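Tertiary structure, described
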Amino acid sequence: MPELPEVETIRAYLDPALRGRRIRAVLHLDPRMLKPVGGWGTSVPALRRVLTGACIRAVERRGKFLTLPLEVGGRLVLHLGMSGRLVLTGPGTAPLPHTHLVLEVAGAGELHLTDPRRFGRIGWLPAQAPEIGAVLGLGPEPLGDGWDAGVLARRLAGRRAPLKALLLDQRVVAGLGNIYSDEALFEARLAPDRPGGDLTPDEVGRLARAVVTVLQRSLAHGGTSFSDYVDALGHPGRNQEYLQVYGRAGKPCPACGSLVASRSVGGRTAHFCPACQGPGAGWAVREERHATV
DNA sequence: CTGCGGCCCTGACGGC
DNA sequence: TGCCGTCAGGGCCGCA
């Protein structure tokens, strides 16, 4: 499930590879993947027409969205959902099953979008549309300049929803999914079902820093390959070896040894340490960690 | 506005 | 062994 670090890993590879290159042909374009982006829709013929022969200005990321602005204006929008892969391969590569978009790019090979579950999307924002963050009301970039405790505090203020749900809400903060919301809450030693508006300023500060910590850690490891994710070369990431709680239900907590629990919170499965992330456990467990590590 | 439940879709997995 | 039911999960939509 590609989240911010995985999408950013893909972007970082694709940007220099595709920047300034021309799309020679659109070989596949599955209409079932074509979905409106904040009300801006398109059609297979229209998208095929605008992409064919167009030069790619850059490969950009906003939250979990990739956008490819074209030199003629407008931008291709790609989202990988939970099973999507975006791989740059050599010319003439046979598409894998469930390949929904193939761009033949002059001098760069072929860009294949493959997504078995089709939770991803292909969209188009015309030149006159606002940038995708504004179109979708996305929250701040947690690895950008605009992210700090004050920004997070304003977005949590007055909210009764559990932290888990708020971190997954792309309007609160852009780019977190199930893995990094769990990891950030563990890093901050906060229970996933704590109402967002109940946090103390110290807790908000811990959470804001924790989000950055877990994202940068994953980025340094090439992303997390828990199930489907591969980078733009088709290689898995290594961050799954560094996850503290996600996918570790029933295994010992790396900080205290208690068993990691998993439970549905806000409609999603949250993984957490009941001891480290229990009510008021933040400062106490941090002291224990100093003693044991 | 806010929170929540349903829907999409397929592969993986557990039970019989 | 093989079939089948269940579930996960990002984002969106509709409902209360």
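It should be emphasised that the depicted structure is a prediction, and the values quoted were computed from it without experimental measurement.

**Considerations on helix α4 (residues 149-156)**
Every buried residue of α4 is listed here: V151, L152 and L156. Angularly, the buried residues of α4 cover 130° about the axis, an arc narrow enough to put them on a single face. Close packing links the buried residues of α4 with α5 (163-168) and α7 (201-220). Where α4 terminates, the next one or two residues include G158, which has phi positive at roughly 80°.

**Section: the packing of α4 against α7**
Where α4 meets α7, the closest approach of the two axes is 9 Å, and the angle between their N-to-C directions is 115°. Between α4 and α7, the angle is such that the two are roughly perpendicular. Here α4 runs over α7; the crossing is right-handed. The segment α4 lies against α7, with A149, L152, A153 and L156 engaging V204, G205, L207 and A208.

**Considering the nonpolar core**
Among the nonpolar cores identified, the biggest contains 34 residues, and L18 and I122 are the most heavily contacted of them. The dominant element in this core, judged by the number of residues it contributes, is helix α1 (residues 4-18), at five residues. With residues near it in sequence (within four places) discarded, I122 still touches L29, M33, L34, K35, L47, L76, V77, L78, H100, L101 and L113. Counting 29 residues, the second largest nonpolar core, distinct from the first, contains V151, L156, I179 and V204.

**Digging into the protein's contact with DNA strand C**
Residues in contact with DNA strand C, as listed here, are K64, H79, M82, R117, F119, R121, L136, Q170, N178, Y246, R268 and T269. Considering DNA strand C, the proportion of its atoms within 4 Å of the protein that are sugar or phosphate atoms stands at 47%. Y246 places a side-chain nitrogen or oxygen 3.1 Å from a phosphate oxygen of DNA strand C. T269 is positioned with one of its side-chain polar atoms (N or O) 3.3 Å from a phosphate oxygen of DNA strand C. For the surface near DNA strand C, the per-class residue count stands at four nonpolar, four polar and four charged.

**Here we look at the sheet that holds strand β3 (residues 65-69)**
Ordered in space as β2-β3-β4-β8, the four strands form an open sheet in which the pairing is antiparallel. A strand with exactly one partner marks an edge of an open sheet, and here the two such strands are β2 (60-62) and β8 (121-125). In this sheet, adjacent strand axes meet at a mean angle of 25° when their direction is disregarded. In terms of strand pairing, β2 meets β3 through three bridges, oriented antiparallel. Within the sheet, the bridge partner assigned to E60 lies in β3 and is T67.

**Describing unusual backbone geometry**
Residue H98 is not a glycine yet carries a positive backbone phi of 65°. The residue H98 is located in the loop between β5 (85-89) and β6 (99-105) in this model. Phi at R118 is positive, roughly 55°, even though this residue is not glycine. Here R118 lies in the loop between β7 (109-114) and β8. Looking at R118, the relative accessible area reads 32%, which means it is partly exposed.

**Brief notes about empty space enclosed by the protein**
All told, the structure shown has one cavity of 30 Å³ or more when counted by the stated rule. Reported here for the largest cavity is a volume of approximately 40 Å³. In this structure, the largest cavity is lined by Y180, E183, V214, R217, N239, Y242 and L243. When contributions to the lining of the largest cavity are tallied by element, the ones reaching two or more residues are α6 (178-187) and α7. Across the lining of the largest cavity, the residue classes tally to four nonpolar, one polar and two charged.

Conventions adopted
Residues numbered from 1 in each chain as written. Chains lettered and ligands numbered in written order. Predicted model: local features only at pLDDT ≥ 70, side-chain atom pairs only at ≥ 80, totals over all residues. Heavy atoms only, no water. Buried < 20%, exposed > 50% of the residue type's maximum accessible area, 1.4 Å probe, protein only. Helix = DSSP H or I, 4+ residues; strand = E, 2+ residues; numbered from the N terminus. Arc of directions from axis to C-beta. Contact = heavy atoms within 4.5 Å. Axes fitted to C-alpha atoms, helices over the stretch in contact; angles between N-to-C directions. Parallel < 35°, antiparallel > 145°, perpendicular 65-115°, else oblique. Left-handed = near helix turned anticlockwise from the far one by under 90°. Core = buried A, V, L, I, M, F, W, Y, C linked by side-chain atoms within 4.5 Å. Near = heavy atom within 4 Å. Polar contact = N/O pair within 3.5 Å; in protein donor to acceptor, adjacent residues only side chain to side chain. Nonpolar A, V, L, I, M, F, W, Y, C, P; charged D, E, K, R; others polar. Pairing = 2+ DSSP bridges. 1 Å grid on protein atoms, 1.4 Å probe; cavity = no way out; pocket = protein on both sides within 12 Å on 5 of 7 lines; lining within 4 Å. Points joined across faces, edges and corners; volume = space filled by probe spheres on them.

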